[in-house]
Amino acid sequence: MRRPDPFLMSLIAAVLLASFLPCPPTWQPWLSRLTSLLVILMFFFQGAKLQRSALVESIRNWRLQGSTLLVSFALFPLLGVGLYALCHLLSPTGFLGPDLWIGVLFLCCLPSTVQSSIALTSIARGNVPAAICAATVSNILGILFTPLLTSLLLHRSHGGSGVQTVLNVAQELLLPFIAGQILQPWVGPIVRRHKILLSFSDRGSIIVMVYAAFSVAVLQGLWHRVPLLTLLGVGLVDTLLLALTLTLTFLLGHGMKQSIEDNIALQFCGSKKSLASGVPMANVIFPSGAGIVVLPLMIFHQIQLFICTVLARHYANRPQ
């Protein structure tokens with residue numbers, strides 16, 4: 001029997017802790033400073049780990065890289081808007097309510113994951129180097145594209161304008177990444193040798209941010225506003241989004257007459273959404289309502305891992 005994912009268990013524990021013991025308002029400024037520090041460390045270590053040769057290599061397979069970006073930042077938002085319009089056509093409340101729909105549309109604007117996209121491509125015997133490049137470029141460009149797309153889809157901005165939102169995100173995420181890249185020749189070997197640094201800054205920061213975001217949301221009455229039936233509705237919308245994206249990336253790869261290995265990389269990189277990037281971005285873009293906004297993303301994260309693991313094992317069983 002497969003053991004539960006420790007990271008998933010930690011996220012559930014953070015949500016439960018925030019539900020029963022939310023951070024008191026007097027401590028929240030200190031918790032906010034801690035989460036900002038952890039985010040800076042996370043993106044600094046990511047920049048220090050990434051070798052510049054990987055960025056150069058990503059430009060070469062332009063069809064696969066371009067297709068992945070097109071799916072992540074164009075097809076996904078269009079599907080989200082289409083589902084939003086369809087649900088509101090069938091029901092005046094849209095099944096989920098405005099706050100959760102903001103979370104769904106924000107989810108559609110996020111970049112691809114890195115770790116799980118690469119791992120699943122490897123399990124499926126796909127083009128792993130291409131997956132590394134596609135996921136990496138998606139995350140870097142997501143720092144710019146996600147806040148702009150979010151402002152465009154939601155017709156709102158936090159901090160004055162969509163450009164200001166990009167600047168806010170860049171200040172907290174892109175500058176530490178660039179600093180890590182500058183210091184990569186010296187810090188990179190240490191980070192790659194001591195992977196606990198990445199594990200602590202990556203997963204640890206997400207757990208703390210989830211606790212902080214849900215603490216605020218619980219104090220604002222989150223669980224009174226989101227009944228169980230609504231959570232099931234979020235899961236249904238997330239599953240439909242993932243199924244549509246997996247199907248369309250499959251058809252797109254075959255239409256371009258790519259190899260099966262490239263098709264696998266496109267499917268797994270194009271259909272994923274990054275929890276690691278989404279939580280810190282939500283804290284910047286939605287400073288007062290990140291808890292309910294990241295709820296669809298957290299549910300989507302678990303659904304994508306389960307369904308794509310089954311799909312990866314199916315691909316792995318194909319003849320050599």
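Residues numbered from 1 in each chain as written. Predicted model: local features only at pLDDT ≥ 70, side-chain atom pairs only at ≥ 80, totals over all residues. Heavy atoms only, no water.

**Regarding unusual backbone geometry**
Next, step 1: A positive phi angle is found at Arg125, which is not glycine, with a value near 60°.
Next, step 2: Inspection of the secondary structure puts Arg125 in the loop between α6 (115-123) and α7 (128-154).
Next, step 3: Of note, Lys257 is a non-glycine position whose phi angle comes to about 55°, a positive value.
Next, step 4: Within the secondary structure, Lys257 is located in the loop between α12 (228-255) and α13 (260-271).
Next, step 5: Look at Lys257 and you get exposed, because its relative accessible area is 73%. (Helix = DSSP H or I, 4+ residues; strand = E, 2+ residues; numbered from the N terminus. Buried < 20%, exposed > 50% of the residue type's maximum accessible area, 1.4 Å probe, protein only.)

**Some details on α13**
Next, step 1: With twelve residues, α13 ought to run about 16 Å at 1.5 Å a step, and its terminal C-alpha atoms sit 16 Å apart, in line with that.
Next, step 2: Across the twelve residues of α13, ten count as buried, placing the element largely inside the fold.
Next, step 3: Of all the positions in α13, only Asp262, Asn263, Ile264, Ala265, Leu266, Gln267, Phe268, Cys269, Gly270 and Ser271 are classed as buried.
Next, step 4: Residues of α13 that are buried make contact with α4 (62-90), α6, α7, α12 and α16 (295-316). (Expected span 1.5 Å × (residues − 1). Contact = heavy atoms within 4.5 Å.)

**Considering the pattern of salt bridges**
Next, step 1: Enumeration according to the criterion identifies one salt bridge in this entry.
Next, step 2: The partner of Glu261 in a salt bridge is Arg318, with the nearest N and O atoms 3.7 Å apart. Remark: Arg318 occurs in the segment after α16 and Glu261 occurs in helix α13; sequence separation between them is 57 residues.
Next, step 3: On the basis of relative accessibility, which here comes to 31%, the residue Glu261 falls in the partly exposed class.
Next, step 4: Taking relative accessible area as the criterion, Arg318 reaches 19% and is therefore assigned buried. (Salt bridge = Lys/Arg side-chain N within 4 Å of Asp/Glu carboxyl O.)

**Digging into the packing of helix α5 (residues 98-108) against α7**
Next, step 1: Running from amino to carboxyl end, α5 crosses α7 at an angle of 140°, the nearest separation of the two axes being 9 Å. Viewed along their axes, α5 and α7 adopt a mutual orientation that is oblique. The interaxial crossing formed by α5 with α7 has right-handed handedness. Contact with α5, carried on its side by Ile102, Leu105 and Phe106, involves Thr146, Thr150, Leu153 and Leu154 of α7 and no other residues of that element.
Next, step 2: The residue inventory of the contact of α5 with α7, partitioned by class, reads five nonpolar, two polar and no charged. (Axes fitted to C-alpha atoms, helices over the stretch in contact; angles between N-to-C directions. Parallel < 35°, antiparallel > 145°, perpendicular 65-115°, else oblique. Left-handed = near helix turned anticlockwise from the far one by under 90°. Nonpolar A, V, L, I, M, F, W, Y, C, P; charged D, E, K, R; others polar.)

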